[in-house]
Each structure stands twice: as structure tokens, then as C-alpha cells.
Amino acid sequence: MAKRLISNRTNKKMFKMTPWLFLLPSILILGTFLIYPILQAFHWSVLDYKLISGTGEFVGLENFKELFTDKAFWNALLNTLLFLLIVLPLNIFLPMVLAVLVNQKLRGVTTFRVLYYLPFVTPMVVGALMWKMLYSQNGMISDFLVKIGIFDSPTNLLVQQGTALAAVAVITVWKGLGYYMIIYLAGLQSLPKGVYESAEIDGASTLQQFRKITVPMLVPSITLVSILTIIAGMKVFDEIAIATGGGPAGATTTLVIYIYNKFMSLDVSIASAAGLVLLILAIAASLLQMKLTSKREDDLRA
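Residues numbered from 1 in each chain as written. Predicted model: local features only at pLDDT ≥ 70, side-chain atom pairs only at ≥ 80, totals over all residues. Heavy atoms only, no water.

**Concerning the confidence of the model for the protein**
(1) Moving on: For the protein, per-residue confidence averages 86 on the pLDDT scale, and residues scoring 70 or more make up 92% of the total.
(2) Moving on: Taken element by element, the protein is modelled with least confidence in helix 1 (residues 2–45), mean pLDDT 77, and with most confidence in helix 3 (residues 71–102), mean pLDDT 94. (pLDDT = per-residue confidence, 0-100. Helix = DSSP H or I, 4+ residues; strand = E, 2+ residues; numbered from the N terminus.)

Next comes the structure, spelled out in C-alpha cells:
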């Protein structure tokens, strides 16, 4: 009897431990590549850290004070916010329209799905270099803008302060178009068909069905796409580093480019402080977007 009780207790303990054993690999990976770097960045941000010697004197919040008085930091923050303002609505709307189009029962629609998804699996180095050639003075985009009368002479959008950030944003939108389309497509295929049939019987047009049925019922997908876009937009680096390098005159220097430049100049403490600010902003923006979209979803359900 005693042996059976001990055996039962052992089985219960093993049963309780089983979920943690499955979670252990993920916990180790997150701890190694996420939690530890954040803690290390916080540690460096309160030191006057010297990377070469590996030592640093405690300075408290002095690095943050220096950061917030740096005009280059505020310029990078403004560029990051402007970049998000361009990318976010486009990433919400354009992939949704594509998802609706490729959700139709048409011949060869699978081919279009693959073609739209192709940019996402294309390496950013290849994609950014391709767009850099398209934006050049002898490129197709420059020639097209001259033909429609926007510019009088061939102009490279990446070297103009007023257009460089928007030009890079287009690269980002193009890159993520197929990925976000798949998210919307999964949401569309889970919608009940009876709602659309009822709308057609009531005489609703295709546009009315899209506005009144499709968009409201895709709010969960919109929330996911918004959060992913905010996180990706906050940490955008590859396309800017390849296409403009942060120029011209800092017009495309975002927070990540600013942090990278500080690290490259061995100013580790300021870079760590800026990284923590970026982390807080990304979390705050994501939570705000979740709150707004959840409120919208509750209004629709009511």
C-alpha cells in the first residue's frame, strides 16, 4: 500500500513536470537570446562602459540624459515614427486587398499566390539592391516619374531628403506583402460563407461586402498584422543599411541605424540606452495597437 502511494505521488510530480520539460528548450532559447541581452543592455546603460578593456564606471542615468539631449537621437526617433506612419497603413490595406483577390476561385490563382509571396522569401540584400537599381537616375521608376510629370529630370529618390524615407518604406512594404497576405488569406478562409450569400441576396455590392463584412471580421488578423508591422518597422535595418546607409544627411537614420552607428563608434553605453528606449517604445506601441483594435472588435460584436 505504501509503495502504491509513493508511486502515485511520483507519477503526479512527473505529470506536473511534463509541460515544463516541453517548454524548457523555448525557455533556454528565449533566456539566451532575449532576456540575457536585455539585462546586459540595461547593465551597460548605467555604466561608462569601455568595450576594449571590458570595464566601466557606474554613472547611473547620465547616459539617458546624454541620449535625450542628442539631436541625432531625436531625428532618428522622428524618422522611425514617420517610417511607421507610412508602412503601417499600407501593410494593413494592400495585403488585405491581395488576399481577397487570390481568395477567388479562379484558374491559375495558385500561381498568383506564389508570385505575391516570392518577395518575402527573397533575401533582403537582393531585394534592396534590385530596388536601388530601380530608383537610380537611369532606372525605370525615375523614368516613369518624369513621363507622368512629377519630376522635370531623372531623379534618384534615395538621394533626395524629402523622398528617401518613403522610398525605403516602399521596399519594406514590398518585402512583407506576401507574408501579410497569407495571414489575411487564412482569416478569409475561416469566414462563414453564409454571411456573404445572405448579403448577396439582400443586394449588397462587392465593395459593400468588403467594407461591412470582410474588414470587420478580419479584425483579429488586422491586429496581428499591425503588431508585426510595428515591431518590424521599429527594428528596420537591412533595407536602409543597403539602400541609403542612413543618408542623405540623416534622412533615413532610424533608431536601429542610430544604435548601430553608436556601437560601431564603440559608444556601447549610449547604444544600450537607446536600445532600451526602442524596446519600451515597441512594447508601448504594440499594446496601444492591441487596445485600439480590441476596442474596435468589441464595438463590432456589440
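**Structural notes on the nonpolar core**
(1) Moving on: One finds Leu67, Phe83, Met96, Tyr135, Tyr184 and Tyr258 to be the most contacted residues of the largest nonpolar core, which totals 62 residues.
(2) Moving on: At 13 residues, helix 7 (residues 164–189) tops the list of elements feeding residues into this core.
(3) Moving on: Aside from chain neighbours lying at most four places away, what touches Leu67 is Phe73, Tyr258, Ile270, Ala273, Ala274 and Val277.
(4) Moving on: Residues Trp44, Val46, Leu47 and Tyr49 belong to the second largest nonpolar core, which totals five residues. (Core = buried A, V, L, I, M, F, W, Y, C linked by side-chain atoms within 4.5 Å. Buried < 20%, exposed > 50% of the residue type's maximum accessible area, 1.4 Å probe, protein only. Contact = heavy atoms within 4.5 Å.)

**What about the packing of helix 7 against helix 10 (residues 219–234)?**
(1) Moving on: Relative orientation of the contacting elements helix 7 and helix 10 amounts to 165°, with a least axis distance of 9 Å. As summarised for this structure, helix 7 and helix 10 are arranged roughly antiparallel, according to the angle between their axes. As helix 7 packs across helix 10, the resulting crossing turns out to be right-handed. On helix 10, the residues touching Tyr179, Tyr180, Ile183, Tyr184 and Gly187 of helix 7 are Ser221, Ile222, Leu224, Val225, Leu228, Thr229 and Ala232. (Axes fitted to C-alpha atoms, helices over the stretch in contact; angles between N-to-C directions. Parallel < 35°, antiparallel > 145°, perpendicular 65-115°, else oblique. Left-handed = near helix turned anticlockwise from the far one by under 90°.)

**So, the environment of Ala249**
(1) Moving on: With respect to the helices, strands and loops of the structure, Ala249 is situated in the loop between helix 11 (238–243) and helix 12 (255–264).
(2) Moving on: The exposure class assigned to Ala249 is exposed, which follows from its relative accessible area of 69%.
(3) Moving on: The spacing of Ala249 and Val87 is 162 residues in sequence and 22 Å in space, taken between C-alpha atoms.

**Considerations on unusual backbone geometry**
(1) Moving on: The step from Gly247 to Pro248 runs through a cis peptide bond, and the omega angle for that step is -5°.
(2) Moving on: Assignment of secondary structure puts Pro248 in the loop between helix 11 and helix 12.
(3) Moving on: For Ala249, which is not a glycine, the phi torsion comes out positive at approximately 55°.
(4) Moving on: Even without being a glycine, Leu266 presents a positive backbone phi close to 65°.
(5) Moving on: Within the secondary structure layout, Leu266 lies in the loop between helix 12 and helix 13 (268–301).

**Looking at the side chain of Thr229**
(1) Moving on: With respect to the helices and strands, Thr229 occurs in helix 10.
(2) Moving on: Polar side-chain contacts of Thr229 include one of 3.4 Å to the side chain of Asn91.
(3) Moving on: Once residues lying within four places of it in the same chain are set aside, the contact partners of Thr229 are Leu84, Val87, Leu88, Asn91 and Tyr180. (Polar contact = N/O pair within 3.5 Å; in protein donor to acceptor, adjacent residues only side chain to side chain.)

**Considerations on the packing of aromatic side chains**
(1) Moving on: All told, the structure shown has twelve aromatic pairs when counted by the stated rule.
(2) Moving on: Between Phe73 and Tyr258, the ring centres sit 5.9 Å apart and the planes meet at 65°, which makes this aromatic pair edge-to-face. Of the two residues, Phe73 is situated in helix 3 and Tyr258 in helix 12; the sequence distance between them amounts to 185 residues.
(3) Moving on: For Tyr258, a relative accessible area of 5% gives the class buried.
(4) Moving on: Between Phe112 and Tyr116, the ring centres sit 6.4 Å apart and the planes meet at 35°, which makes this aromatic pair tilted. Separated by four residues within a single helix, Phe112 and Tyr116 lie in helix 4 (residues 109–121), roughly one turn from each other. (Phe/Tyr/Trp six-rings, centres within 6.5 Å; stacked < 30°, edge-to-face > 60°.)

**A short note on the side chain of Ser142**
(1) Moving on: Of note, Ser142 is situated in helix 6 (residues 140–147).
(2) Moving on: Here Thr155 takes part through its backbone nitrogen, which lies 2.9 Å from a polar atom of the side chain of Ser142.
(3) Moving on: When near neighbours in sequence (up to four residues on either side) are disregarded, Ser142 contacts Leu134, Ser136, Gln137, Pro154 and Thr155.

**Observations concerning the packing of helix 3 against helix 10**
(1) Moving on: Relative orientation of the contacting elements helix 3 and helix 10 amounts to 145°, with a least axis distance of 9 Å. When you trace helix 3 past helix 10, the crossing you get is right-handed. Residues Thr80, Phe83, Leu84, Val87, Leu88, Asn91, Ile92 and Met96 of helix 3 form the contact with helix 10, whose participating residues are Ile222, Val225, Ser226, Thr229, Ile230, Gly233 and Met234.
(2) Moving on: By residue class, the composition of the contact of helix 3 with helix 10 is ten nonpolar, five polar and no charged. (Nonpolar A, V, L, I, M, F, W, Y, C, P; charged D, E, K, R; others polar.)

**Remarks on the environment of Asn261**
(1) Moving on: In this fold, Asn261 is placed in helix 12.
(2) Moving on: Placed ten residues apart in sequence, Asn261 and Ala271 show a C-alpha to C-alpha distance of 8.3 Å.

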